[in-house]
Amino acid sequence: YSFYDEIVINNLNKDIRKGDAVINENGLIGIVYKSNDNLAYAKLLTSNYNVSVVIGDVYGNLNNGIISMLNKYSDIKVGDLVYTSGYGEVEKGLLVGTVCDVSYDNDGLGKEVKVKLIDNNYLNYVGIVRKLK
């Protein structure tokens, strides 16, 4: 257990559900993985948690700030914005971060992208975004 892997949110209204996105004023910082009558627990994107993302028209899976196994011919540049893709449990179009490094993977067959995630160091307030059905 790592203190920085998750946050606990007051759920007194009992309306926070598993799969809800947790945002701050800048973008997505985590995803609710469990909730009960009083509390909701959210994994932060800085933890070992998979999120489906998109950079332009290139889709990938973010885990621990890295998107791996991307097509080596994809046109991704440092500074490109990374958003949620809408596949999986999180609503499409939530800002995740910015591409800070693009390199080829170990075997040279694909690309790996490092993402500067939304800062989650000073959380006084968070918002909840529920995926539209």
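Scroll up to find the structure this text is about.
**Re the packing of aromatic side chains**
By convention here, two paired aromatic rings are described through the distance between centres and the angle between planes.
Consideration 1: As enumerated under the stated definition, the model contains 2 aromatic pairs in all.
Consideration 2: With a centroid separation of 6.4 Å and an interplanar angle of 45°, the aromatic rings of Y33 and Y41 are classed as tilted.
Consideration 3: On the accessibility criterion, Y41 (17% relative accessible area) is buried.
Consideration 4: The ring of Y41 carries K34 above its face, with NZ or CZ at 4.6 Å from the centroid.
Consideration 5: Residue placement shows K43 over the ring face of Y33; its charged tip is 5.6 Å from the ring centre.

**Quick look at the pattern of salt bridges**
Consideration 1: For the structure shown, the criterion picks out 2 salt bridges.
Consideration 2: For R130, the salt bridge is made with D20, and the minimal N-O distance between the two is 3.0 Å. One end of the pair, R130, is in the segment after β11 (127-129); the other, D20, is in the loop between β1 (6-10) and β2 (21-23), and 110 residues separate them in sequence.
Consideration 3: Overall, D20 belongs to the buried group, its relative accessible area being 2%.
Consideration 4: Taking the shortest distance from any N to any O, the salt bridge between D80 and K77 comes out at 3.8 Å.

**Section: the side chain of N63**
Consideration 1: Mapped onto the elements of the fold, N63 is located in strand β6 (residues 58-63).
Consideration 2: With near-sequence residues (within four places) excluded, N63 lies in contact with S47, N48, Y49 and N50.

**Brief notes about the sheet that holds strand β10 (residues 110-117)**
Consideration 1: Pairing is antiparallel in the closed barrel, where 6 strands are placed in the order β5-β6-β7-β10-β9-β8. When the angles between neighbouring strand axes are averaged without regard to direction, this sheet yields 40°.

**A closer look at the pairing of strand β4 (residues 39-44)**
Consideration 1: Direction of pairing for β1 relative to β4: antiparallel, over a ladder of 5 bridges. Counterpart to N10 in the pairing with β4 is L39.
Consideration 2: Here 5 bridges tie strand β3 (residues 28-35) to β4, and the two strands are oriented antiparallel to one another. Along β4, the bridge assignment pairs S35 with A40.
Consideration 3: Hairpin remark: β3 followed by β4, antiparallel, with 3 residues in the connecting loop.

**Observations concerning the nonpolar core**
Consideration 1: Counting residues in hydrophobic clusters, the biggest one holds 21 residues, and the most contacted among them are L62, I67, V82, V96 and V113.
Consideration 2: Residue assignment for this core shows that the elements contributing at least two residues are β3, β5 (51-55), β6, β7 (66-71), β9 (95-104) and β10.
Consideration 3: Excluding anything up to four places from it in sequence, V96 contacts L28, L45, V53, L62, V82, Y83, T84, K116, L117 and I118.
Consideration 4: In this structure, I7, V22, A42 and L44 belong to the second largest nonpolar core, which totals 10 residues.

So, how was this worked out
Residues numbered from 1 in each chain as written. Predicted model: local features only at pLDDT ≥ 70, side-chain atom pairs only at ≥ 80, totals over all residues. Heavy atoms only, no water. Phe/Tyr/Trp six-rings, centres within 6.5 Å; stacked < 30°, edge-to-face > 60°. Buried < 20%, exposed > 50% of the residue type's maximum accessible area, 1.4 Å probe, protein only. Lys NZ or Arg CZ within 6 Å of the ring centre and 35° of its normal. Salt bridge = Lys/Arg side-chain N within 4 Å of Asp/Glu carboxyl O. Helix = DSSP H or I, 4+ residues; strand = E, 2+ residues; numbered from the N terminus. Contact = heavy atoms within 4.5 Å. Pairing = 2+ DSSP bridges. Axes fitted to C-alpha atoms, helices over the stretch in contact; angles between N-to-C directions. Core = buried A, V, L, I, M, F, W, Y, C linked by side-chain atoms within 4.5 Å.

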